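# Structural characterization, general
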Amino acid sequence: MNKISVKIKITLWYTIIMLVISITALFVMLSVSREILIKESSTRLAESVNRMIPMINDPRHNIEDIPNFRFFNDGVHTAIYNDDGKLIKGFIPFEFIENVNPTNDTVQEIKYNGEEFLVYMHETMAKGNRPYQIRGVISISDEGLMLESVKKINLIMIFIFVAAAALGGYLITKNALKPVSKISDTAKNISKSKDLSQRISLGKGNDELHSLANTFDEMLDKLEDTLEKEKQFTSDASHELRTPIAVITSECEYALEYASSLDEAKESILSIKRQTDRMAKLVSELLTIARMDRKSIPLNFEKINFSELLKAVCDEQAEIHEDNIKLTRCIEPDVYAMADSALIIRLLVNLIDNAYNYGKDNGEITVSLSQNTENIICVVSDDGIGIAEENINKIWERFYRADKSRTDNGGSMGLGLSMVKWIAQCHNGNISVESKLGVGSTFTLVLPKKI
Ligand code: ADP
C-alpha cells in the first residue's frame, strides 16, 4: 500500500466513497419507488374490483349478462366467482387464482412463476341472497419492469459518472500535488549536487503547499547565507594567520642567513615575538568565536554594579592608552544590572579601545551611563575618523576592517564588534551606532536591568 502514490490513494478513496454513496442512493430511491408502486397498484386494484359491486347488485340483469363487463381494465384482471368457486363472468389468465384463498377486502402479495402479483377479493350478496366473489389481480412485475429499466440505466449512469469523476479528480489531485513533487525534486537535487543555490520557486499562492515551498526556500536562503559566511570566515581566518606566518618565516631566514651580531638577531626575534603574540591573540579570539557559535560559553548572570565596572574599565583603558586623547566620564552612580561581568568587561573594553584606536589626536572620548525603569544605557562616543555610511552595517561582520592599513600593525583583527554584538544579544540587549566620516562615532548599548 505504501508503494501506491498519494494521487492514486486519494483518487481510489473518493472513487470508492462516491460509488458507495451513489449505489446506496439508487437503492433507497428504487425501494421507495417500489413502495409507491405497490401502494398505487393496490389502490387501482381495489377500485377496479369495487367498481363492479353496483353492476352485480343491479336487479335489471343476471350476473352472466352484465353489459359492458370489462374483465381487463387499467392493468387489472377481474372475474366473478360463485360461492362454490365456479367462474361465472370474466377471465383471469393466471392459474394460481383458482387456488388462492384471499381474505375479504385485503390486498395480498403473491409470487407465481417468478412474477409478483397483487390479489384483491370482495364478497358480495347479489340477487337471491347468493354470495359472489369478485376477484382482481394485477401484475406488479409488469409495472416493475419500468423500475428495472430505471435501475439499469441508473447503474450505467453511475459507473460513467464515477469513472469521469475519478479521472477528473485524479487530474486535479495530480495538479494540486505538483508542488510536492517540485519540493521533493529540489531536495533530491540539492542533496545530490550539494548546490544550495537551487530553489523551489513556486511563485505566488496562498495554499498550504505554496506556504511550505516558500518556507523551504527561506530556509535554503538562510542555510546558503550561513554556509557562505562559514566559508568567508574560514578563508579570512586562514588569511589572517598567513600574514604573521610569512613574516616569521622571512625573519627566521634573514636571521639565519644574514644576522652577524646578537643585536641584529634580537631584532628579528623581537619581530617574530610580535607576530606570535598577534597569532596567539587571533587563535584565542577564534576559539572564543567557535565557542560563541556552539553556544558553549557558560553565562554567569549575577547582579553587578555596572557603574563601578565601567569606571574601572575607563581607568584601565586611560592607563593603557597614553595618548593625548581625553576620556570624559558621565557615569550615574550605583546602576545595577543582571549580567555576566566577564562578558560585559570584554564588551566595554572593545568599545573604549576602538574609541581610542579610531580617535583623533587631541580628541575626546565621552563615556556615559544612565538608567530608566527598565534599561540601562551606556554610550561611548568619540570625535575620531568616523565610519562611511555605506560601511556602517559591515562593522558588525567578522574580520571586517574599514581601513586595514591603519590597523594592520596593531592587534586589530576585525573581530571585536562581532563579539560586542553577540554579548549584547546574550543579555537580551541591543547595540547600535551612529557615525559620520571624519566627525566621529557614537555607540549606544541598551541592556535590560533584568534578564
Ligand atoms: P578591529 O577594531 O579589531 O578592527 P572591530 O570589530 O572592533 O575590529 O571593528 C571593526 C571595524 O569597525 C574597525 O576596523 C573600524 O574600521 C570600524 N570601527 C570600529 N569602531 C570604530 C570607531 N569608534 N570609529 C571608527 N571606526 C570604528
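Everything here concerns the structure above.
Note that the structure is predicted; figures quoted are calculated from it, not measured. (Residues numbered from 1 in each chain as written. Predicted model: local features only at pLDDT ≥ 70, side-chain atom pairs only at ≥ 80, totals over all residues. Heavy atoms only, no water.)

## Re helix α11 (residues 416–426)
For the record, the criterion: Between buried and exposed lies partly exposed: a residue is buried under 20% and exposed over 50% of the maximum accessible area for its type, with that area taken using a 1.4 Å probe on protein chains only. Each helix is a run of DSSP H or I of at least 4 residues and each strand a run of E of at least 2, with the numbering of both proceeding from the N terminus. In this analysis, two residues are considered to be in contact whenever any of their non-hydrogen atoms come within 4.5 Å of each other.
Of all eleven residues that make up α11, nine are buried, and the element is covered over most of its length. Of the residues making up α11, those classed as buried are Gly416, Leu417, Ser418, Met419, Val420, Trp422, Ile423, Ala424 and Cys426. In this fold, the buried residues of α11 make contact with α7 (262–293), α9 (341–357), β12 (430–436) and β13 (440–448). Backbone geometry just after α11 places asparagine 428 at a positive phi near 60 degrees.

## Considerations on helix α6 (residues 208–258)
At 3.6 residues per turn, the α-helix brings residues three or four places apart onto the same side. We apply this condition: A helix's residues, less one, multiplied by 1.5 Å, set its expected span.
Its 51 residues place the ends of α6 74 Å apart at the C-alpha level, agreeing with the 75 Å of an ideal helix rising 1.5 Å per residue. Within the span of α6, buried status applies to His210, Ala213, Asp217, Leu220, Phe233, Asp236, Ala237, Glu240, Pro244 and Ile248.

## Some points on the environment of isoleucine 97
The residue isoleucine 97 is located in helix α3 (residues 96–99) in this model. On the basis of relative accessibility, which here comes to 0%, the residue isoleucine 97 falls in the buried class. Expressed as a C-alpha distance, the spacing of isoleucine 97 and glutamate 35, which sit 62 residues apart in the sequence, is 24 Å. The contact partners of isoleucine 97, leaving out residues within four places of it in the chain, are Tyr81, Ile92, Val119, Arg135 and Val137.

## Here's the deal with the site of the ligand
The following threshold applies: For each residue, the test is whether any non-hydrogen atom lies within 4 Å of the molecule or strand; if one does, the residue is near. Pairs of N or O atoms are called polar contacts if they sit within 3.5 Å, as long as, within protein, a hydrogen donor faces a hydrogen acceptor (for residues adjacent in sequence, only side-chain-to-side-chain pairs). Using a 1.4 Å probe, accessible areas were evaluated by the Shrake-Rupley method; residue-level cover was limited to the displayed protein chains. Residue classes follow a fixed rule: Ala, Val, Leu, Ile, Met, Phe, Trp, Tyr, Cys and Pro count as nonpolar, while Asp, Glu, Lys and Arg count as charged, and any other residue, Gly among them, counts as polar.
By nearness alone, 18 residues border the ligand, and Asn354, Tyr358, Asp382, Ser412 and Leu417 come closest of all. Contact distances for the ligand include 3.0 Å between an oxygen atom and a backbone N or O atom of alanine 402. In the model, an oxygen atom of the ligand is placed 2.7 Å from a nitrogen or oxygen of the leucine 417 main chain. Its free accessible area being 520 Å², the ligand has 96% of it covered by the protein chains. Split by residue class, the shell around the ligand holds ten nonpolar, six polar and two charged.

## Here's the deal with the nonpolar core
What counts is decided by this rule: Buried Ala, Val, Leu, Ile, Met, Phe, Trp, Tyr and Cys residues that are joined via side-chain atoms within 4.5 Å together make up what is termed a nonpolar core.
The biggest cluster of nonpolar side chains holds 53 residues, and the ones touching the most others in it are Phe306, Leu310, Leu348, Ile352 and Phe443. Counting residues per element, this core draws most heavily on α9, which supplies eight residues. Residues in contact with isoleucine 352, not counting those within four places in the same chain, are Leu310, Val313, Cys314, Gln317, Leu327, Ile365, Val367 and Val380. If you look at the next biggest cluster of nonpolar residues, it comprises 18 residues, including Ile38, Phe69, Val76 and Leu118.

## Thoughts on the packing of aromatic side chains
Quick reminder of the rule: Whether two aromatic rings pair depends on their centres lying within 6.5 Å, for rings of Phe, Tyr and Trp, where Trp uses its six-membered ring; planes under 30 degrees apart make the pair stacked, over 60 edge-to-face, and the rest tilted. In this analysis the charged atom, NZ for Lys or CZ for Arg, is taken to sit over a ring once it is within 6 Å of the ring centre and within 35 degrees of the ring normal.
Per the stated rule, a full pass over the model turns up four aromatic pairs. Note on phenylalanine 233 and phenylalanine 399: the rings are 5.4 Å apart at their centroids and 40 degrees apart in plane angle, and the pair reads as tilted. Residue phenylalanine 233 is located in helix α6, and its partner phenylalanine 399 is located in the loop between β11 (375–382) and α10 (404–407); the two are separated by 166 residues in the primary sequence. The exposure class of phenylalanine 399 is buried, given its relative accessible area of 5%. Plain terms: the ring middles of tryptophan 396 and phenylalanine 443 are 6.1 Å apart, the flat faces sit at 80 degrees to each other, and that makes the pair edge-to-face. Of this pair, tryptophan 396 sits in the loop between β11 and α10 while phenylalanine 443 sits in strand β13, and the two are 47 residues apart along the sequence. You can call phenylalanine 443 buried: its relative accessible area is 7%. Positioned above the aromatic ring of tyrosine 81 is the side chain of arginine 135, whose terminal nitrogen or guanidinium carbon lies 4.8 Å from the ring centre. Over the aromatic face of phenylalanine 233 sits the side chain of arginine 398, whose NZ or CZ is 5.3 Å from the ring centroid.

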